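Structural characterization, general
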Amino acid sequence: MAVTEAQKRAKAKYEATKVTRKVVKFYPGNEDLLAHLEKQPSQNAYILDLIRRDMCDKR
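The structure reproduced in this document is the subject of the present report.

Helices and strands together make up the secondary structure of the protein, namely three helices and zero strands. Reading the helices (α) and strands (β) of the protein from amino to carboxyl end gives α-α-α. Against the 2.2 N^0.38 benchmark of 10 Å for 59 residues, the protein shows a C-alpha radius of gyration of 16 Å, more extended than a compact globule. Dimensions of the protein along its principal axes, counting C-alpha atoms only, are 40 × 30 × 20 Å. Out of the 59 residues belonging to the protein, those deemed buried represent 3%.

See the structure below:
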């Protein structure tokens, strides 16, 4: 199904007000980390899961 212009506007408005983006820089020497991340089916879900597991380990 095609996305309407109204749906595109609604999504853009939602993301502008509700979504926070963070940037991760991969420098030379981190190629192994970048390659591992790029293998993940959902990079966003993978990173969020890593953060959640780290938070549980700290308790």
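Next comes the rest of the description.
In the structure shown here, the tally under the stated rule is four salt bridges. Residue Arg 53 is joined to Asp 49 by a salt bridge in which the shortest nitrogen-to-oxygen separation is 3.0 Å. Linking Arg 53 with Asp 49, this pair stays in helix α3 (residues 43-57), spanning four residues, or about one helical turn. Using a relative accessible area of 45% as the deciding quantity, one classes Arg 53 as partly exposed.

What follows is about the packing of helix α2 (residues 31-38) against α3. The packing of two helices is summarised by the inter-axis angle and the distance between the axes. Taken N-terminus to C-terminus, the directions of α2 and α3 make an angle of 115°; their axes are 9 Å apart at the nearest point. Of the possible angle classes, the one that applies to α2 and α3 is roughly perpendicular. For the pair α2 and α3, the contacting residues are His 36, Leu 37 and Glu 38 in the first and Gln 43, Tyr 46 and Ile 47 in the second.

Now for helix α1 (residues 5-18). Helix length check: α1, at 14 residues, gives a terminal C-alpha distance of 20 Å against a target of 20 Å (1.5 Å per residue), a fit within 8%. Counting buried residues along α1, only zero of its 14 residues qualify, which leaves the element largely exposed.

Cut-offs used in this document
Residues numbered from 1 in each chain as written. Predicted model: local features only at pLDDT ≥ 70, side-chain atom pairs only at ≥ 80, totals over all residues. Heavy atoms only, no water. Helix = DSSP H or I, 4+ residues; strand = E, 2+ residues; numbered from the N terminus. Rg over C-alpha atoms; globule rule 2.2 N^0.38 Å. Buried < 20%, exposed > 50% of the residue type's maximum accessible area, 1.4 Å probe, protein only. Salt bridge = Lys/Arg side-chain N within 4 Å of Asp/Glu carboxyl O. Axes fitted to C-alpha atoms, helices over the stretch in contact; angles between N-to-C directions. Parallel < 35°, antiparallel > 145°, perpendicular 65-115°, else oblique. Contact = heavy atoms within 4.5 Å. Expected span 1.5 Å × (residues − 1).

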